Structures are given as C-alpha cells and as structure tokens.
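Letter by letter, the chains look like this.
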Amino acid sequence: MTIVFGLVLGMLSAAALLTVARLLKGPGTLDRIAALDVFVVIIVAASAVYIAIYRDGSTVPLMAAVALVGFVGSATAARLVERWERHR
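These figures come from a predicted structure and were not determined experimentally. (Residues numbered from 1 in each chain as written. Predicted model: local features only at pLDDT ≥ 70, side-chain atom pairs only at ≥ 80, totals over all residues. Heavy atoms only, no water.)

Concerning helix H1 (residues 2-25)
Over its 24 residues, H1 runs 34 Å from end to end, which matches the ideal 34 Å to within 8%, given 1.5 Å per residue. Taken together, the buried positions of H1 are occupied by Phe5, Leu12, Ala16 and Thr19. Looking at the packing, one finds that the buried side of H1 touches helix H2 (29-54). (Helix = DSSP H or I, 4+ residues; strand = E, 2+ residues; numbered from the N terminus. Expected span 1.5 Å × (residues − 1). Buried < 20%, exposed > 50% of the residue type's maximum accessible area, 1.4 Å probe, protein only. Contact = heavy atoms within 4.5 Å.)

Here it is, written out as structure tokens:
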C-alpha cells in the first residue's frame, strides 16, 4: 500500500509543478485564477492522501474548509475579472 501512496504523492507533486508553471507563465488573469484553483484541489487531494496514510480523521474539517475557501475565492475572482474585462 505504501507504493500506491508514493505513486499518488509523486503524481500530485508533478501536477503541482505543472500548475505552478501555468501560474507563472499564464498569459491571462483567468488562466492564473484557474491555476490557483487547481493548486487548491491538489492541496486537498494531498490532505486526503495524508488522512489515508495515517488514518487520522482530525484534518477532515481543515480539508473541507480549504476546499470551500478555494471554490469561493476562485468564483469571486473570476466574477471580478469578468466585470473588469467588460468595463475595459
């Protein structure tokens, strides 16, 4: 089972590196917002792997809070960018 956890963490790390590259390189603001949203999802997935490895459910509320804040933040930022683009 530790091999599976290692593979999953390796894939999450690769996805995080690609997401950071998109965040730094992204041509537009919406691309960067999407990259931040994906990064939050990767963090939540890594927390789920932590919960599975250590069988410790004490971080589930933290995982839910981070997911909620990430969703609300990206939705709000996308809405603000849309308004800003319309007024340009």
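Now that the structure has been shown, the text picks up again.
Describing the packing of H2 against helix H3 (residues 60-87)
Between two packed helices, what matters for the description is the angle formed by their axes and the separation of those axes. For the pair H2 and H3, the least separation of the axes is 10 Å and the interaxial angle reads 175 degrees. By the angle between their axes, H2 is roughly antiparallel relative to H3. Residues Thr29, Leu30, Ile33, Asp37, Val40, Val44, Ser47, Ala48 and Ile51 of H2 pack against Val60, Met63, Val66, Ala67, Gly70, Ser74, Ala77, Ala78 and Val81 of H3. Class assignment for the residues of the contact of H2 with H3 results in 13 nonpolar, 4 polar and 1 charged. (Axes fitted to C-alpha atoms, helices over the stretch in contact; angles between N-to-C directions. Parallel < 35°, antiparallel > 145°, perpendicular 65-115°, else oblique. Nonpolar A, V, L, I, M, F, W, Y, C, P; charged D, E, K, R; others polar.)

Looking at the UniProt feature "transmembrane region" (unreviewed entry) in the chain
Here, UniProt's "transmembrane region" (unreviewed entry) annotation points to residues 33-53 and 60-81. Between the end C-alpha atoms of residues 60-81 there is a gap of 32 Å, over a span that is 100% helix and 0% strand. (UniProt positions renumbered as here; feature names shortened; annotations may be inferred.)

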